[in-house]
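For reference, the chains in residue letters:
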Amino acid sequence: MAKNGLGPGEAEKSSMMDPRLLDPDEELVKHRWLDDAELDQTVRLLESLRRWHNAERSTSEAMRKDMDLGESDMRALRYIIAAQVNQRLATPSELAQHLGLSTAAVTKVLDRLAERDHIRRLPHPEDRRSTAIEATDETRKTARRIVGRSHAGRFNVAAALTAEEREVVIGFLDALSATVPPE
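Draft legend 1. The side chain of T139, seen in detail. Positionally, T139 belongs in helix α7 (residues 137–160). Of the residues examined, T139 reaches a relative accessible area of 3% and is grouped as buried. When sequence neighbours within four positions are dropped, the list of residues in contact with T139 reads M67, L77, I81, D117 and H118.

Draft legend 2. Representation of the packing of helix α3 (residues 36–67) against helix α4 (residues 71–85) within the structure. Look at α3 against α4: their axes get within 10 Å of each other, and the N-to-C directions meet at 90°. Comparing the axis directions of α3 and α4 gives the class roughly perpendicular. On α4, the residues touching S60, M63, R64 and M67 of α3 are E71, M74, L77 and R78. Considered class by class, the residues forming the contact of α3 with α4 number four nonpolar, one polar and three charged.

Draft legend 3. Main features of α4. Spanning 15 residues, α4 covers 21 Å between terminal C-alpha atoms, matching the ideal 21 Å at 1.5 Å per step. For α4, every residue scored as buried is listed here: D73, M74, A76, L77, Y79, I80, I81, A83 and Q84. Tucked inside the fold, the buried residues of α4 contact α3, α5 (92–99), α6 (103–115), β1 (119–123), β2 (131–135) and α7.

Draft legend 4. Main features of the pattern of salt bridges. By the definition in use, this model includes 12 salt bridges. The shortest N-O distance in the salt bridge between E134 and R120 comes to 2.9 Å. Here E134 is found in strand β2, whereas its partner R120 is found in strand β1, with 14 residues between them in sequence. Relative accessible area serves as the criterion here: at 35%, R120 is assigned to the partly exposed category.

Draft legend 5. Examining the packing of α4 against α5 more closely. Where α4 meets α5, the axes come as close as 10 Å, and the angle between the chain directions of the two elements is 120°. Comparing the axis directions of α4 and α5 gives the class oblique. The element α4 and its partner α5 pack so that their crossing is right-handed. Counting all contacts with α4, which are made through S72, R75, A76, Y79 and I80, the residues of α5 involved are E94, L95, H98 and L99. Residue classes in the contact of α4 with α5 are distributed as five nonpolar, two polar and two charged.

About the thresholds
- Residues numbered from 1 in each chain as written.
- Predicted model: local features only at pLDDT ≥ 70, side-chain atom pairs only at ≥ 80, totals over all residues.
- Heavy atoms only, no water.
- Helix = DSSP H or I, 4+ residues; strand = E, 2+ residues; numbered from the N terminus.
- Buried < 20%, exposed > 50% of the residue type's maximum accessible area, 1.4 Å probe, protein only.
- Contact = heavy atoms within 4.5 Å.
- Axes fitted to C-alpha atoms, helices over the stretch in contact; angles between N-to-C directions.
- Parallel < 35°, antiparallel > 145°, perpendicular 65-115°, else oblique.
- Nonpolar A, V, L, I, M, F, W, Y, C, P; charged D, E, K, R; others polar.
- Expected span 1.5 Å × (residues − 1).
- Salt bridge = Lys/Arg side-chain N within 4 Å of Asp/Glu carboxyl O.
- Left-handed = near helix turned anticlockwise from the far one by under 90°.

Next comes the structure, spelled out in structure tokens:
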């Protein structure tokens, strides 16, 4: 038996999320308090999170590629579409606040989106000093086709859980988010 508790050939099959493989001396991850079944289940949970993260990233990359957008462009477009769906006008200043970007950076984002026919800039109906922004019909349809179905699937999975299961998942994900150092 190897020092990490894995037999010959088992290390190759083991997950790169497994602390028995990555941190056998427990310098970072204390894991000896878990029995093998608990440790295996914990590793499976982390692998499942990795698979979900990869699937989410692939969906996002596919949409960005399909629509020729960068990450900030995509986030801006999501905000603009959500405003339209809720019958609100999106403005550059709201968008800057939402994205945490300067108004100059938002202007560049909007220029790129307009250049690719994803948005239209319109005179604001109530404030002559401002501009209203709306997504084009084609862009809304594309976003709905690519992201809408994916979001609906995620929502259905979450809704299928019991109230207690959702609270456990919420607590887990919030605690997991808290492990990430602030920017």
